[in-house]
Amino acid sequence: GLKTVTYQAKLGSVADKVARVVALADAIAPQVGADPVLARRAAQLAKNDLQSRMVNEFPELQGIAGRHYALTGGESPEVALAIDESYQPRFGGDDIALSPLGKVLAIAERLDTLAGGFAAGLKPTGNKDPFALRRNALGLARTVIESGFELDLRALLAQANTALAPRNVQADVAELYDFIIERLRGYYADKGVPASQFNAVAELKPASLYDFDRRIDAIGTFAALPEAPALAAANKRIGNILRKADIDIPGQIDPSLLREEAERALAEAVAAAIDDTGASLQKKDYVSVLERLARLRPQVDAFFDQVMVNDEDPAVRANRLALLKRLSDRFDAVASLAQL
């Protein structure tokens with residue numbers, strides 16, 4: 001019966017949407033430790049209650065009625081609960097889905113809604129948001145972050161977009177990613193995260209929203225350190241210097257070209273810090289990384305006090321730029337400190 005119900009003129013029937021959500025749920029489930037067979041089953045049944053007279057009369061019961069129908073029809077409790085939870089969060093402040101299957105379904109459903117909405121030209125404008133895309137974006141982000149799911153958002157958006165190809169419509173995945181990230185601005189502001197800290201992480205565009213959240217935590221811890229303001233200012237200064245560089249910056253530092261004591265000390269300190277933080281960065285222990293890098297402040301201050309970066313000798317200048325770039329790259333591996 002869902003084949004006869006239009007979901008949206010450019011996006012086909014509700015049955016078409018269900019098929020797309022089934023494929024997404026099947027892809028997400030194994031990544032988060034959920035049973036893909038049950039995830040597919042829940043996705044296949046998630047919209048069936050829209051055909052009932054109960055939901056036709058009381059639309060607010062969609063999902064809730066579906067859970068009861070599924071249980072009465074002999075489906076497993078996990079599948080029935082997921083049908084209900086796929087609508088969570090239903091409103092601002094509502095809980096996300098609690099069960100693993102419910103989370104998978106909630107994410108898959110919103111991925112398709114967002115990709116379809118953008119592909120069909122239904123992007124929100126001003127107060128108009130006919131597909132509730134803002135609410136769906138925040139619901140998707142909250143479910144991923146609060147569940148601690150390590151998912152590649154761009155890859156999933158690309159999959160949702162590819163599934164729309166038979167409808168001859170496509171979304172801009174980069175634009176859709178930015179739209180979801182922008183919804184997080186208010187989410188973190190409500191948690192007391194300053195805009196500067198949010199921007200410091202958003203500039204890196206992490207693929208994983210859970211990873212985004214861990215970087216936000218780390219930058220908050222770093223910002224409370226006494227070394228933070230000076231190092232943030234130094235990173236901004238380094239960024240300006242590197243942008244204005246009119247020569248190619250080498251990929252490696254030549255120790256023989258380190259002439260001043262302060263630059264030798266900084267090169268030594270940076271090399272040690274990179275060695276010390278490699279494993280933490282691999283484990284995504286961003287707090288440890290930034291706390292270790294904060295100890296570079298004395299050498300950074302001494303360098304800028306005593307060393308002229310734009311030396312007359314092009315080789316010396318290039319070497320100093322390489323040193324600064326190495327330092328900047330390690331800080332920027334966590335967040336764009338210049339934003340602070």
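Quick summary incoming for the structure in this document. Keep in mind that what you see is a predicted model, and the values were worked out from it rather than measured.

Thresholds applied
Residues numbered from 1 in each chain as written. Predicted model: local features only at pLDDT ≥ 70, side-chain atom pairs only at ≥ 80, totals over all residues. Heavy atoms only, no water. Helix = DSSP H or I, 4+ residues; strand = E, 2+ residues; numbered from the N terminus. Buried < 20%, exposed > 50% of the residue type's maximum accessible area, 1.4 Å probe, protein only. Contact = heavy atoms within 4.5 Å. Areas by Shrake-Rupley, 256 points an atom, 1.4 Å probe, with all protein chains shown as cover. Lys, Arg positive; Asp, Glu negative; His and termini not counted. Charge placed at Lys NZ, Arg CZ, Asp CG, Glu CD. Core = buried A, V, L, I, M, F, W, Y, C linked by side-chain atoms within 4.5 Å. Salt bridge = Lys/Arg side-chain N within 4 Å of Asp/Glu carboxyl O. Phe/Tyr/Trp six-rings, centres within 6.5 Å; stacked < 30°, edge-to-face > 60°. Lys NZ or Arg CZ within 6 Å of the ring centre and 35° of its normal.

Along the protein chain, the regular secondary structure elements total 16 helices and two strands. Seen through its C-alpha atoms, the protein chain measures out along the principal axes to roughly 80 × 35 × 35 Å. Within the protein chain, buried positions represent 49% of all 340 residues. Intrachain contacts of the protein chain at a sequence separation of at least 6 include 66% that bridge at least 24 residues. Per element, the accessible surface of the protein chain, about 15900 Å² overall, is 50% carbon and sulfur. Charge separation in the protein chain, taken as the distance between the mean sites of 41 positive and 46 negative side-chain charges, equals 5 Å.

What follows deals with the side chain of Q8. Turning to its location among the elements, Q8 is positioned in strand β1 (residues 6–8). In this view, Q8 contacts A120, L122 and F131; residues no more than four positions away in its chain are not counted.

I28, L111, I180, L184, Y188 and L209 are the most contacted members of the largest nonpolar core, which totals 101 residues. Apart from the residues within four sequence positions on either side, L111 is in contact with L24, I28, L140, L153, L156, L157 and A160.

A side chain of one charge can pair with a side chain of the opposite charge when the charged atoms of the two come close. Taken as a whole and judged by the stated rule, the model has 24 salt bridges. One salt bridge in this structure joins D178 and K205, with 2.7 Å as the shortest N-O distance. Of this pair, D178 sits in helix α9 (residues 173–190) while K205 sits in the loop between α10 (195–202) and α11 (209–223), and the two are 27 residues apart along the sequence. The exposure class assigned to D178 is partly exposed, which follows from its relative accessible area of 34%. By relative accessible area, which is 37% here, K205 ends up partly exposed. A single network of salt bridges, built from pairs that share partners, joins K17, R20, K47, E109 and D112.

With that out of the way, let us pick up the packing of aromatic side chains. Note on aromatic pairs: each is described by the distance of the centres and the angle between the planes. If you walk through the whole model with that rule in mind, you get seven aromatic pairs. Taken together, a centroid distance of 5.6 Å and an interplanar angle of 50° make the contact between F198 and F212 tilted. Of this pair, F198 sits in helix α10 while F212 sits in helix α11, placing them 14 residues apart in sequence. Of the two residues examined, F198 and F212, each falls in the buried class. Both rings, one in F303 and one in F304, keep their centres 5.5 Å apart while their planes meet at 85°; by these two values the pair is edge-to-face. With respect to burial, F303 and F304 carry one shared label: buried. Joined through ring pairs, the aromatic side chains of Y187, Y188, F198 and F212 make up one cluster. Note that R154 overlies the ring of Y177, its terminal NZ or CZ placed 4.1 Å from the centroid. Against the face of F179 rests R183, its NZ or CZ located 4.6 Å from the ring centre.

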